Amino acid sequence: MITLKYGMEVVPMPNQMIRPVSDLRNNFADVSRTVHETGQPVFLTKNGFGDMVVLSMEAYENLQFDSHVYDMLLEGEREAETTGKRFSPKEALASMRAAIDGAAHV
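Residues numbered from 1 in each chain as written. Predicted model: local features only at pLDDT ≥ 70, side-chain atom pairs only at ≥ 80, totals over all residues. Heavy atoms only, no water.

**A word on the pattern of salt bridges**
Under the convention used in this document: The term salt bridge refers to a pairing of a side-chain nitrogen on Lys or Arg with a carboxyl oxygen on Asp or Glu at a separation within 4 Å. Here a helix means four or more residues in a row that DSSP labels H or I, a strand means two or more in a row labelled E, and each is numbered from the N terminus. Only protein chains enter the accessibility calculation, which uses a 1.4 Å probe. A residue is then buried if its area is under 20% of the maximum for its type, exposed if over 50%, and partly exposed in between.
Counted by the stated rule, this structure contains 3 salt bridges. Measuring nitrogen to oxygen at the nearest pair gives 2.9 Å for the salt bridge that ties D30 to R19. Taken together, the residues span a long stretch of sequence, with D30 in helix α2 (residues 28-38) and R19 in strand β3 (residues 18-20) at a distance of 11 residues. The class for D30 is partly exposed, based on a relative accessible area of 29%.

**Some remarks on the sheet that holds β3**
Paired through backbone hydrogen bonds, the strands of a sheet run either parallel or antiparallel to each other. Going by this rule: A pair of strands counts as paired when DSSP detects no fewer than two bridges linking them. To define axes, lines are fitted to C-alpha atoms, for helices over the stretch in contact only, and angles between the resulting N-to-C directions are given on a 0 to 180 degree scale.
Strand order in the open sheet formed by 3 strands is β3-β4-β5, with mixed pairing between adjacent strands. A single partner strand is all that each edge strand has here, and the edge strands are β3 and β5 (49-54). Direction aside, neighbouring strands of the sheet carry axes that sit 35 degrees apart on average. Of the pairings in the sheet, the one linking β3 to strand β4 (residues 42-46) comprises 3 bridges and is parallel in character. Following the sheet pairing, R19 is matched in β4 by L44.

**Let's talk about a nonpolar patch on the surface**
The cut-off we apply is this: Only residues whose relative accessible area exceeds 30% and that form no salt bridge enter a patch; like-charged residues are grouped when within 9 Å of one another, and nonpolar side chains (Val, Leu, Ile, Met, Phe, Trp, Tyr) when within 5 Å. Accessible surface area values rest on a Shrake-Rupley calculation with a 1.4 Å probe, where residue burial reflects the displayed protein chains alone.
A cluster of nonpolar side chains, namely F65, V69, L73, L93, M96 and I100, defines an oily patch on the protein surface of about 500 Å² accessible area. Structurally, F65 can be placed in helix α3 (residues 57-82). Take F65: its relative accessible area is 32%, and that puts it in the partly exposed class.

**Structural notes on the nonpolar core**
Generally speaking, soluble globular proteins have nonpolar side chains that are buried together. Cut-off, in case you're wondering: As used in this record, nonpolar core signifies buried Ala, Val, Leu, Ile, Met, Phe, Trp, Tyr and Cys residues forming a set joined through side-chain atoms within 4.5 Å.
Membership of the largest hydrophobic core is limited to 5 residues, which are M17, V31, V35, V42 and L44. Of all the elements in the fold, those that place two or more residues in this core are α2 and β4.

**Examining the pairing of β4**
Along β4, 4 of the 5 residues are buried, which leaves the element largely enclosed by surrounding structure. Here 5 bridges tie β4 to β5, and the two strands are oriented antiparallel to one another. Within β5, the position partnered with T45 by the bridge is G50. Following β4, the chain reverses through 2 residues before pairing antiparallel with β5; N47 in that reversal takes a positive phi of roughly 55 degrees.

Dropping the structure here:
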């Protein structure tokens, strides 16, 4: 079993998640099935080194959403450091709901 580091988290990765890039041509259906059934990326190697990552559209969209939320949190932290403006929990929740609703419709 191989491990992969995501930020601070180390995740064990089954060997089926690392495949040669030639599998895209020779075993596309199997690669596609793997990313859709597991919801995890398949890492493709070329000459023994990492070359590409294959994701299902759902996993990619979730990754994009998570990245957007993270960026918004960083923006909020920067704003909190530079201004005296503060929001009540009710205001913060309403703003988060509006952002989630807006991201879901993109």
